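# Breakdown of the fold
Listed below, chain by chain, are the residues.
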Amino acid sequence: MSEQKLEWPEPGDLVMATIKTVMDYGVYASLDEYNKRGFLHISEISSARIRNIRDFVRENQKLVLKVLRVDLEKGHIDLSLRRVTKRERIEKIKSWKKDRKGDALLYVVSERTGLSREEVYLKVGAVLEEKYGLYDGFEKVLQEGISVLTQLNVPEELAKVVLQVVEERISVKTVKAWGILEMRCSRPNGVRCIQEAFSDAKKTHKTKDTKIVFSVIAAPKYRIEVSAENWKRAEEVLTKVSGAVVANIGDVGGSGEFKREK
């Protein structure tokens, strides 16, 4: 979440914090996402007995903390470490890292366009954040193109810069699913029929979020490989494309069979 949007956390929120001052009875920590300071009492550091507080916390250490109380009038924020579960800590760190990446992309867009960071956030960051989450929104732009932004009323010229930036800066991890197709066609133009069976299936099921590759192993065996952002999607497209190839060759009098590669 962009820093421009944040003012005060609410009780129950998880926050990323940097330990600044360690004392015998507790520590003061800066809240990285809020430009605020909070207090972590020694009783909220651990459920175990604490003999030396520095065995548990140290200056400049980054921690995921839970907000217990917020006093707006006094400007006090009470925090807890011991009430943060392992799952909450992992998920918060993951989310925080993604938010930082998103803010870094906004900064690059600001530099490219000459617009202030606040203006870029209002025109691009805020709308992506509300619809998808900031960094997830940038990934969606990479996968589906400029229409993701223009549909949210982002000016086209600005949207083009955003697309250029995400193409340069985001590397989407993919997984691959594959298998073997055995294809036969005894017609005089059998090779041509097999080629068309592949190309027609690829055209029918080609999407922006997947990549489909066919390769020859040794006739009649061909390898089909589908790359996608997760296994479920890769398997889904692999099943559809391989089924379409087999159906296409069957329509012209040939035969095909799909097998998982071991």
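Going by the structure above, here's the rest.
Residues numbered from 1 in each chain as written. Predicted model: local features only at pLDDT ≥ 70, side-chain atom pairs only at ≥ 80, totals over all residues. Heavy atoms only, no water.

### Some words on the nonpolar core
Core analysis: the biggest nonpolar cluster contains 23 residues, and V109, V124, F138, L149, V162 and V166 have the highest contact counts within it. Mapped onto this core, the elements with two or more residues apiece are α1 (86-113), α2 (117-131), α3 (134-144), α4 (147-150) and α5 (156-169). Among the elements that take part in this core, α5 stands out by supplying seven residues, more than any other. Those residues within four positions of V124 in sequence are excluded, and the remaining contacts are F138, L149, V154, L158 and V162. Core analysis: the second largest hydrophobic core is formed by 22 residues, A177, M183, C185 and L238 among them. (Core = buried A, V, L, I, M, F, W, Y, C linked by side-chain atoms within 4.5 Å. Buried < 20%, exposed > 50% of the residue type's maximum accessible area, 1.4 Å probe, protein only. Helix = DSSP H or I, 4+ residues; strand = E, 2+ residues; numbered from the N terminus. Contact = heavy atoms within 4.5 Å.)

### Focus: the pairing of strand β6 (residues 175-184)
Burial runs high along β6: seven of the ten residues are buried. Note that β6 and strand β8 (residues 221-228) share eight bridges and pair antiparallel. Its bridge partner being in β8, W178 is matched across the sheet by E225. With six bridges joining them, β6 and strand β9 (residues 255-260) adopt antiparallel strand pairing. Bridging from a neighbouring strand, I180 pairs with K259 of β9. (Pairing = 2+ DSSP bridges.)

### A short note on the pattern of salt bridges
Two side chains that carry opposite charge are able to pair once their charged atoms sit near each other. The final tally for this structure, using the stated rule, is 23 salt bridges. We note a salt bridge from E119 to K123, for which the minimum N-O separation is 3.0 Å. Taken as a pair, E119 and K123 lie in helix α2 at a separation of four residues, close to a single helical turn. In this structure E119 comes out as partly exposed when scored by relative accessible area, which is 30%. In this structure, the salt-bridge partner of K259 is E182, at a minimum N-O distance of 3.8 Å. Placement of the pair is K259 in strand β9 and E182 in strand β6, with a sequence separation of 77 residues. (Salt bridge = Lys/Arg side-chain N within 4 Å of Asp/Glu carboxyl O.)

### Focus: unusual backbone geometry
Between A219 and the following residue, P220, the backbone shows a cis peptide bond with an omega angle of 15°. Looking at the secondary structure, you find P220 in the loop between β7 (211-218) and β8. Even without a glycine there, the phi angle at N60 is positive, about 70°. Exposure remark for N60: the relative accessible area of 59% places this residue in the exposed category. Despite not being glycine, N153 shows a phi value in the positive range, around 70°. Within the fold, N153 resides in the loop between α4 and α5.

### Some thoughts on the environment of Q195
Positionally, Q195 belongs in helix α6 (residues 190-205). Q195 gets classed as partly exposed once you look at its relative accessible area, which sits at 44%. Note: C-alpha distance between Q195 and R69 (126 residues apart in sequence) is 67 Å.

### Overview of α1
Along its 28 residues, α1 runs 41 Å from first to last C-alpha, staying within 8% of the 40 Å computed at 1.5 Å per residue. Of the positions making up α1, those classed as buried are K92, W96, D99, G102, D103, L105, L106, V108, V109 and S110. Considering only its buried residues, α1 is in contact with β1 (14-23), β4 (62-71), α2, α3 and α5. One or two steps after α1, the chain reaches G114, where phi turns positive at roughly 80°. (Expected span 1.5 Å × (residues − 1).)

Spatial relationships are all this shows, so hold off on functional conclusions.
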